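What follows is each chain in one-letter form.
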Amino acid sequence: MIHSKKFLFIYSLLALLMLQSCWYMGSDDDFHEPYVSPYEPIIISRDQIENSIKISEPRTMIKAGKIYVKDSYIFITDENKGFHIYDNSNPNNPQLIGFLEVPGATDMAIKDNSIYINQAVDLVAVNLINNDVVVQKRIPNTFPQKLSPDGWQHQVGENEIIVDWNY
């Protein structure tokens, strides 16, 4: 009998403690509007992204990222824009010779003569041949949509892809 009273007391005490987390003692002023990111997505269509990779004239670096070396070339990531290409045949004087435009690009890896690029949601394998870029393979939707710089996820349509963010 004593054990059952003790058990009932402990059980009742635990139940009250668990219910305590359900009580709200604040005011209506404690509730805040849901967060909305100040960043606006730059969105392109599936068709646009699949035809967007090309070589262009050198340009100014906006947001430098990783550096890659392949033979006598240096590739420097310009986040969400593409890759600056330098001729490094004279390491004492590398020359900026072009820009590999890849909207939404954040990373690359090089193996043999293939460049593997993370282009927004796709994984793309390209080759540079005679100052031209040839897309060898594209695997769509390999990666999730890009998050805003503050971690916000924007909803887009089925054939829409976020390639960058404006503030």
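Draft legend 1. Geometry of the sheet that holds strand β3 (residues 64-70). Overall, antiparallel pairing links the five strands, which are arranged β2-β6-β5-β4-β3 in an open sheet. The open sheet has two free edges, formed respectively by β2 (54-56) and β3, since each of these has just one partner strand. Taken over all neighbouring pairs, the strand axes of this sheet differ in orientation by 25° on average, direction set aside. Here β3 pairs with strand β4 (residues 73-78) via five bridges, running antiparallel. Looking at the pairing, lysine 70 lines up with tyrosine 73 of β4.

Draft legend 2. Looking closely at unusual backbone geometry. Positive phi, close to 55°, is recorded for aspartate 112, a residue that is not glycine. Tracing the chain through its elements places aspartate 112 in the loop between β7 (105-111) and β8 (114-119). On the basis of relative accessible area, aspartate 112 is assigned to the exposed category, the value being 58%. Although it is not a glycine, asparagine 131 sits at a positive phi angle of roughly 60°.

Draft legend 3. Looking closely at the sheet that holds strand β9 (residues 122-129). Sheet architecture is open: four strands sit in the order β7-β8-β9-β10, paired in antiparallel fashion. Both outer strands of the open sheet, β7 and β10 (132-139), are each paired with one neighbouring strand and no more. When strand polarity is set aside, the average angle formed by the axes of neighbouring strands in this sheet is 25°. Judged from the seven bridges that link them, β9 and β10 form a sheet pairing that is antiparallel. What sits directly across from leucine 128, in β10, is valine 133.

Draft legend 4. Structural view of the pattern of salt bridges. All told, the structure shown has eight salt bridges when counted by the stated rule. Residues glutamate 101 and arginine 59 are paired through a salt bridge, measuring 3.1 Å at the closest nitrogen-oxygen approach. Here the residue glutamate 101 occupies a position in strand β6 (residues 95-101), and arginine 59 occupies one in the loop between β2 and β3, the gap between them amounting to 42 residues. Of the charged contacts in the structure, one is a salt bridge between lysine 66 and aspartate 107, with a shortest N-O distance of 3.2 Å. Here lysine 66, found in strand β3, pairs with aspartate 107, found in strand β7; they are 41 residues apart in sequence, far enough to count as distant. For aspartate 107, a relative accessible area of 25% translates into the label partly exposed. It is possible to trace a salt-bridge network through shared partners that takes in Arg46, Glu50, Asp122 and Arg138.

Draft legend 5. View of the side chain of serine 52. Assignment of secondary structure puts serine 52 in the loop between α2 (46-50) and β2. Among all residues touching serine 52, those that are not within four sequence positions of it are Glu101, Pro103 and Gln119.

Draft legend 6. Inspection of the pairing of β4 at higher detail. For β4, the tally of buried residues reaches five of six residues, placing the bulk of the element in the interior. Hairpin connection, β3 to β4: the antiparallel pair is bridged by two residues, and aspartate 71 has positive phi, about 50°. Of the pairings in the sheet, the one linking β4 to strand β5 (residues 82-87) comprises six bridges and is antiparallel in character. Across the sheet, isoleucine 74 pairs through a bridge with tyrosine 86, a residue of β5. Turn length for the β4-β5 hairpin, with the two strands adjacent in sequence and antiparallel, is three residues, and the turn residue asparagine 80 shows positive phi of about 70°.

Rules used throughout
Residues numbered from 1 in each chain as written. Predicted model: local features only at pLDDT ≥ 70, side-chain atom pairs only at ≥ 80, totals over all residues. Heavy atoms only, no water. Pairing = 2+ DSSP bridges. Helix = DSSP H or I, 4+ residues; strand = E, 2+ residues; numbered from the N terminus. Axes fitted to C-alpha atoms, helices over the stretch in contact; angles between N-to-C directions. Buried < 20%, exposed > 50% of the residue type's maximum accessible area, 1.4 Å probe, protein only. Salt bridge = Lys/Arg side-chain N within 4 Å of Asp/Glu carboxyl O. Contact = heavy atoms within 4.5 Å.

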